[in-house]
Amino acid sequence: MTYPMVRAYVAVRRPQIRIEAGRGPLNTFIPQTHLPGAEAEVDFGDVTIRLADEQVKVFLFAMRLSYSGKSVHRVFASCGQEAFFEGHVHALSVLGGVPWGKVRYGNLRAAVARVLVLSRARLENERWTAFRSHYGIESMYCRPGL
């Protein structure tokens, strides 16, 4: 047998062996279900745009509702905490209120002072804690690297 023949056989047989061993298929799909107005996702990062024939680095705030997929975007010249807060105020105004469930965040400097171990627990920035408490935002953070 040639190497390409063995490689082709292993590619077909490996998933079959996993199923026979009870470890399930390699590719699975788990549908997500969200209640209307219950959850949202926020991201705040840099993007490069062309402005007056020049490439410019700007910062994009995005909030997306998990159920409907409706999203609000806003571009800022800086990635300061004030811009992060202003993005929230604008998005909540456009969306008509605060999601009543959790809002998922990455580990943004504007919100997170320190990641605690390898869990979802975070030491939040004091101004962020005050801001989200004022609006009644329940935050949830993604695990680093996942």
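All figures in this text were calculated on a predicted structure; none of them were measured in a lab.

**Things to note about the overall build of the chain**
- Each helix and strand in the chain was counted, giving three helices and seven strands.
- Mapped in sequence order, the helices and strands of the chain form the string α-β-β-β-α-β-β-β-α-β.
- Whereas a compact globule of 146 residues would reach a radius of gyration of roughly 15 Å, the chain reaches 21 Å, over 25% beyond that.
- Based on the C-alpha atoms only, the size of the chain along its principal axes is roughly 65 × 45 × 35 Å.
- Per-residue burial over the chain gives 27% buried out of 146 residues.
- Contacts spanning at least 24 positions in sequence make up 48% of the contacts within the chain whose residues lie at least 6 apart.
- Element-wise, carbon and sulfur atoms account for 56% of the exposed surface of the chain, whose accessible area totals about 10,100 Å².
- Taking the average location of the 19 positive side-chain charges in the chain and that of its 12 negative ones, the two points are 11 Å from each other.

**Things to note about the nonpolar core**
- The biggest cluster of nonpolar side chains holds 25 residues, and the ones touching the most others in it are Val42, Phe44, Phe61, Met63, Phe84, Tyr105 and Trp128.
- At the level of elements, β1 (40–51), β2 (54–65), β3 (71–76), α2 (81–95), β4 (102–105) and α3 (126–135) are the ones that each hand at least two residues to this core.
- When residues of this core are assigned to their parent elements, the largest contribution, six residues, is made by α2.
- With near-sequence residues (within four places) excluded, Val42 lies in contact with Phe61, Ala62, Met63, Phe84, His88, Val103, Arg104, Tyr105 and Gly106.

**Observations regarding unusual backbone geometry**
- Residue Ala52 is not a glycine yet carries a positive backbone phi of 55°.
- Tracing the sequence through the fold places Ala52 in the loop between β1 and β2.
- Positive phi, close to 60°, is recorded for Asp53, a residue that is not glycine.
- For Asp53, the location among the structural elements is in the loop between β1 and β2.

**Some words on the pairing of β3**
- Bridge count between β2 and β3: six bridges; the pairing is antiparallel. Following the sheet pairing, Ala62 is matched in β3 by His73.
- In this structure, the hairpin formed by β2 and β3 is closed by a connection of five residues, where Gly69 is found at a positive phi of approximately 80°.

**Re helix α1 (residues 3–20)**
- Its 18 residues give α1 an end-to-end C-alpha distance of 25 Å, which sits within 8% of 26 Å, the value for a rise of 1.5 Å per residue.
- Taking the largest bend as the criterion, α1 deviates by roughly 30°, centred on Arg13, and proline Pro15 comes between one and four positions later.
- For α1, the buried fraction is low: zero of the 18 residues fall into the buried class.
- Phi turns positive one or two residues past the end of α1, at Gly22, with a value near 80°.

**Concerning the confidence of the model for the chain**
- Summing up the model confidence of the chain, the mean pLDDT is 86 and the portion of residues at 70 or higher is 92%.
- For the chain, the element scoring lowest by mean pLDDT is strand β5 (residues 112–115), at 77; β3 scores highest, at 95.

**Points about the sheet that holds β2**
- Read across the sheet, five strands follow the order β3-β2-β1-β4-β7 without closing on themselves; strand pairing throughout is mixed. Sheet topology places β3 and β7 (138–141) at the edges, where each strand pairs with a single neighbour. Recorded for the sheet is a direction-independent mean angle of 30° between the axes of neighbouring strands.
- In this structure, β1 lies alongside β4, joined through two bridges in parallel fashion.

Reading the values: rules and limits
Residues numbered from 1 in each chain as written. Predicted model: local features only at pLDDT ≥ 70, side-chain atom pairs only at ≥ 80, totals over all residues. Heavy atoms only, no water. Helix = DSSP H or I, 4+ residues; strand = E, 2+ residues; numbered from the N terminus. Rg over C-alpha atoms; globule rule 2.2 N^0.38 Å. Buried < 20%, exposed > 50% of the residue type's maximum accessible area, 1.4 Å probe, protein only. Contact = heavy atoms within 4.5 Å. Areas by Shrake-Rupley, 256 points an atom, 1.4 Å probe, with all protein chains shown as cover. Lys, Arg positive; Asp, Glu negative; His and termini not counted. Charge placed at Lys NZ, Arg CZ, Asp CG, Glu CD. Core = buried A, V, L, I, M, F, W, Y, C linked by side-chain atoms within 4.5 Å. Pairing = 2+ DSSP bridges. Expected span 1.5 Å × (residues − 1). Bend = angle between axes of the 7 residues up to and from the residue. pLDDT = per-residue confidence, 0-100. Axes fitted to C-alpha atoms, helices over the stretch in contact; angles between N-to-C directions.

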